[in-house]
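What follows is each chain in one-letter form.
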Amino acid sequence: QEIGGVTLHGTTQLEHRLPVLSLTVDGWDAADVGTMLDGDYNIACRTGLHCAPLIHDQLGTSPRGTVRLSVGPVNTFEDADAAVEAVEQIAAIKR
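Residues numbered from 1 in each chain as written. Predicted model: local features only at pLDDT ≥ 70, side-chain atom pairs only at ≥ 80, totals over all residues. Heavy atoms only, no water.

Now for the pattern of salt bridges. Under the counting rule described, the total for this entry stands at one salt bridge. Note that Asp 29 is salt-bridged to Arg 64, the shortest N-O span being 2.5 Å. With Asp 29 in the loop between strand E2 (20-25) and helix H1 (30-41) and Arg 64 in the loop between helix H2 (53-59) and strand E4 (66-70), this residue pair connects regions lying 35 residues apart in the sequence. (Salt bridge = Lys/Arg side-chain N within 4 Å of Asp/Glu carboxyl O. Helix = DSSP H or I, 4+ residues; strand = E, 2+ residues; numbered from the N terminus.)

Shown next as structure tokens:
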């Protein structure tokens, strides 16, 4: 949330949030960010409309969608830190 050029979509109230983040990076297409996360940082993610095009209309992220990251029981704090660092590095390229 504090990374310049990155927008987190959805509630900021953690008690109402699932372990899924939907984000966009200024100046980047979501698909390009996803390709970099996968290819350059070995971070799995999904990009696009996530089978929910109407919510993207409301969010203003249509037609390109967002990058979606989620955590599960096998992820570590180090994995989360690596994802944050990767998004920060990608955002810094366009700043």
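Note on placement: Thr 66 falls in strand E4. By relative accessible area, which is 0% here, Thr 66 ends up buried. A polar contact of 2.5 Å, which involves the side chain of Thr 66, links it to the side chain of Ser 22. In this structure, Thr 66 is in contact with His 9, Ser 22, Leu 23, Thr 24, Ala 30, Arg 46, Thr 47, Gly 48, His 50, His 56 and Thr 61, ignoring residues within four places of it in sequence. (Buried < 20%, exposed > 50% of the residue type's maximum accessible area, 1.4 Å probe, protein only. Polar contact = N/O pair within 3.5 Å; in protein donor to acceptor, adjacent residues only side chain to side chain. Contact = heavy atoms within 4.5 Å.)

Our next topic: the sheet that holds E2. Two orientations exist for strands paired in a sheet by backbone hydrogen bonds: parallel and antiparallel. With antiparallel pairing, four strands are arranged side by side in an open sheet as E1-E2-E4-E3. Each edge of the open sheet is held by one strand with a lone partner, namely strand E1 (6-9) and strand E3 (46-48). The mean inter-strand angle of the sheet, taken between neighbouring strand axes irrespective of direction, is 30°. Across the sheet, H1 is in contact with E2, E3 and E4; its angle to E4 comes to roughly 40°. Here helix H3 (residues 77-94) sits on the sheet and contacts E1, E2 and E4; the angle it forms with E2, its principal contact strand, is near 15°. (Pairing = 2+ DSSP bridges. Axes fitted to C-alpha atoms, helices over the stretch in contact; angles between N-to-C directions.)

The next point concerns the nonpolar core. Ranked by size, the top nonpolar core spans 16 residues in total, and within it Val 6, Leu 23, Val 25, Leu 37, Leu 69 and Val 87 carry the most contacts. Residue assignment for this core shows that the elements contributing at least two residues are E2, H1, E4 and H3. No other element matches the five residues that H3 contributes to this core. In this view, Leu 23 contacts Val 6, Thr 7, Leu 8, His 9, Thr 66, Val 67, Leu 69 and Val 87; residues no more than four positions away in its chain are not counted. (Core = buried A, V, L, I, M, F, W, Y, C linked by side-chain atoms within 4.5 Å.)

Turning to the confidence of the model for the protein chain, a few remarks are in order. Of all residues in the protein chain, 100% attain a pLDDT of 70 or more, and the chain-wide mean is 91. Ranking the helices and strands of the protein chain by mean pLDDT puts H1 first, with 97, and H2 last, with 83. (pLDDT = per-residue confidence, 0-100.)

Moving on to the side chain of His 56. Mapping His 56 onto the fold places it in helix H2. Residue classification places His 56 among the buried positions, given a relative accessible area of 3%. The contact partners of His 56, leaving out residues within four places of it in the chain, are Gly 48, Leu 49, His 50, Thr 61, Ser 62, Gly 65 and Thr 66.

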